[in-house]
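What the coordinates show
This is what each chain is made of:
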Amino acid sequence: MSSIIQLLPDHVANQIAAGEVVQRPASVVKELLENAVDANATDIKLIIKEAGKSLVQVIDNGKGMNVTDARLCFERHATSKIRHAEDLFSLHTKGFRGEALASIAAIAHVEMKTKQDQEELGTQIVIEGSKFVSQESAVLPKGTSFAVKNLFFNIPARRNFLKSDTVEYRHIIDEFQRVALAHPNIHFTFYHNGSEMYNLPISTLRQRVVNVFSGKTNEKLVPVQEDTEIVTVQGFVSKPEFAKKNRGEQFFFVNDRFIKSGYLHHAVMAAYDGILKDGTQPSYFLYLTVPANSIDINIHPTKTEIKFDDESALYAILRASIKHSLGQFNVAPVLDFERDANLDTPYHYKDMEGAMPTIQVDSTFNPFSDDKVNKHYAGSNSSSASTSAYKKPAATASWESLYVGLKQEPEFTTETESTEFSFESEEVTGSLFNDEEVEHAVQNVYQIHKKYIVSPIKSGMVIVDQQRAHQRVLYEQFLTNMTVHQASSQQLLFPLNLYFSSSEMELIDELKLSLVNTGFVFEVTNDDHVVISGIPVNVTESEVSMLLEQLLNDLQDGIPENSFSQNDTIAKSMAKSLAVKTGTSLTVKEQENLVNGLFACKDPNVSPFQKPTFITMRVEDIDKKFAV
């Protein structure tokens, strides 16, 4: 029989490998930025067009490559990072697999320009789908430039599965922020469609965090510093009052490599135990430095998962260091409720010696003197000759004198005179009904476990889920305001200043028209914050920040292109944020309004998220429960 097992051609093998390494344009950004960092570059430029679908270009001033290396770097398993298998346990570079460039070249048009500092000419190589088109010498500056065009041009199925430009651009920003935060000693510049989005100069760690996000971030940060034999922890965590509902600004770096770790995240949450609002997440930027031989990075092609030798010790150290920082900077509450915080000794006073206070005594002062006014004392000390005067308290009359001339009881001569007086406390309003006709209102609704509302009907009773019912009521209100007529807005006496990241500000700009239709009034929209002077009538001022955060979190997967779908998504998100939560106690009037509002809706049966809002129990069903 003929053999059926054959070796795959290189370009087919590269396309298969590219499926793991390059999943979207953000994957190309990550690989190229990490290569630029490994080349010891001090200035890196990232240029993006159409969210990376048309162009991803990274320009650095690193050490570059010679002619041989420039051609060899596109081969599979060709790398300058490691030589032996033992090197996997002493990694000091970002990459080490030698698969990235080969995978990228297999599914895109790649143009590379590189030159070493000591060389007079550089090398320019053009590759299209693993095929070398040209290689020639050129006059180039020091460093390397990678231009990746028409990503997935030969894999149309993968290209069709890419999300919208907004979503892909947000993933690129995430990858850019992860590399930029890990290396504050490198100048990063980011351009998208010809506009400069980020310009991050060489700075300290704190300045880099503030520059990547916004200037308002500085007041949120609490420094963390701990040095042990196992790990060195440094970085920043946010104050509890700035915690958000989403998990946007949470970064772990191990040996300057971004990682994801649910175990370490749990350690951070344990440090915040008891001082966070329910459902909120703190921001953190934590940099862990561990011995290279104590971790294993070769777990996943994206290299964002790491195995540690002693995870439990790392958990305890991280939790303790964050708790210490929160307590040291008076962020976490203390258990001593009798302590006066104003009497605490500041840290910069702890090593200072106290000075002996000076005492001044007026030897001629006599508090038992019979004089009504003590004269100024002429002492030897000039400071004692103050204008202090001692006055003997005047004798006050007895308390009965306050009531002299007042009669204890009013005297009425006749019965008719007494009827002329009317008192304000008496009820003077008339009644529309006779007392016999007025019946006391019977409570028709009842709240059970602060979750369900029970209302009797002719056939039995209705049990309403208060949270889902309120979501349906609010959803139809917001949708009507956005599609049928302009919503009413309440003006704020003091406008709200809300700060967001650059990617969040882009989302807000796209949603601005729909938010205005719901009742928001925007005064100013800058690069990092918005000024809101009006809010919808059914939204309180304290709920605005939470509402917008939830809306941005719900739209992370992209804004629908259809205007109705966009309004529908916004209405659902706002209804979910503002609806009364399970566990909230409602008054009888609120319960009645909620039930009446639900059955006044067009579709009261389900919530905006297609979950039932109420169930009906008939009397017959209840009778069956008691049947023997």
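Refer to the structure printed above.
These numbers come from a predicted model, not from an experiment.

1. Concerning the sheet that holds strand 22 (residues 614-618)
With antiparallel pairing, the four strands of this open sheet are ordered in space as 16-17-18-22. Whereas interior strands pair on both sides, the edge strands pair on one side only; in this sheet they are strand 16 (446-448) and strand 22. Shown here is a sheet whose adjacent strand axes are inclined to one another by a mean of 25°, direction ignored. Bridging between strand 18 (residues 460-465) and strand 22 involves five bridges; their strand directions are antiparallel. From the neighbouring strand, Val462 faces strand 22, where its bridge partner is Thr616. Against the sheet, helix 15 (residues 588-599) touches strand 16, strand 17 (452-456), strand 18 and strand 22, its axis set at about 80° to strand 17. Across the sheet, helix 16 (residues 619-626) lies against strand 18 and strand 22, angled at about 65° from strand 22, the strand it touches most.

2. Observations concerning the packing of helix 11 (residues 466-483) against helix 15
Where helix 11 contacts helix 15, the two axes come as close as 9 Å, and the packing angle between them is 55°. Classed by the angle they form, the pair helix 11 and helix 15 counts as oblique. As for the relative orientation of helix 11 and helix 15, their crossing is left-handed in sense. Contacts between helix 11 and helix 15 pair Gln466, Ala469, His470, Arg472 and Val473 from the former with Leu594, Gly597 and Leu598 from the latter. Taken together, the residues of the contact of helix 11 with helix 15 break down into four nonpolar, three polar and one charged.

3. With respect to helix 8 (residues 262-271)
Those residues of helix 8 lying buried are Leu264, His265, Ala267, Val268, Ala270 and Ala271. Buried residues belonging to helix 8 abut strand 11 (250-254), strand 12 (257-259), strand 13 (284-289), strand 15 (307-308) and helix 9 (311-328).

4. Considering the nonpolar core
Ranked by internal contacts, the top residues of the largest apolar core, which has 58 residues, are Leu46 and Phe74. At eight residues, the largest contribution of residues to this core is made by helix 6 (residues 165-182). Once you skip the residues sitting within four places of it in the chain, Leu46 turns out to touch Val29, Leu33, Val56, Gln57, Val58, Ile172, Phe176, Thr189, Phe190 and Tyr191. Grouped together as the second largest cluster of nonpolar side chains are 32 residues, Leu507, Ile508, Leu511 and Leu552 included.

5. Notes on the side chain of Lys244
Position of Lys244 among the secondary structure elements: in the loop between strand 10 (232-238) and strand 11. Residue classification places Lys244 among the buried residues on the basis of a relative accessible area of 10%. Among the polar contacts listed, one links the side chain of Lys244 to the side chain of Glu249, at a separation of 3.4 Å. Beyond its immediate sequence surroundings of up to four residues, Lys244 is in contact with Lys220, Glu249, Gly279, Thr280, Gln281, Glu504 and Glu549.

What counts and how
- Residues numbered from 1 in each chain as written.
- Predicted model: local features only at pLDDT ≥ 70, side-chain atom pairs only at ≥ 80, totals over all residues.
- Heavy atoms only, no water.
- Pairing = 2+ DSSP bridges.
- Helix = DSSP H or I, 4+ residues; strand = E, 2+ residues; numbered from the N terminus.
- Axes fitted to C-alpha atoms, helices over the stretch in contact; angles between N-to-C directions.
- Contact = heavy atoms within 4.5 Å.
- Parallel < 35°, antiparallel > 145°, perpendicular 65-115°, else oblique.
- Left-handed = near helix turned anticlockwise from the far one by under 90°.
- Nonpolar A, V, L, I, M, F, W, Y, C, P; charged D, E, K, R; others polar.
- Buried < 20%, exposed > 50% of the residue type's maximum accessible area, 1.4 Å probe, protein only.
- Core = buried A, V, L, I, M, F, W, Y, C linked by side-chain atoms within 4.5 Å.
- Polar contact = N/O pair within 3.5 Å; in protein donor to acceptor, adjacent residues only side chain to side chain.

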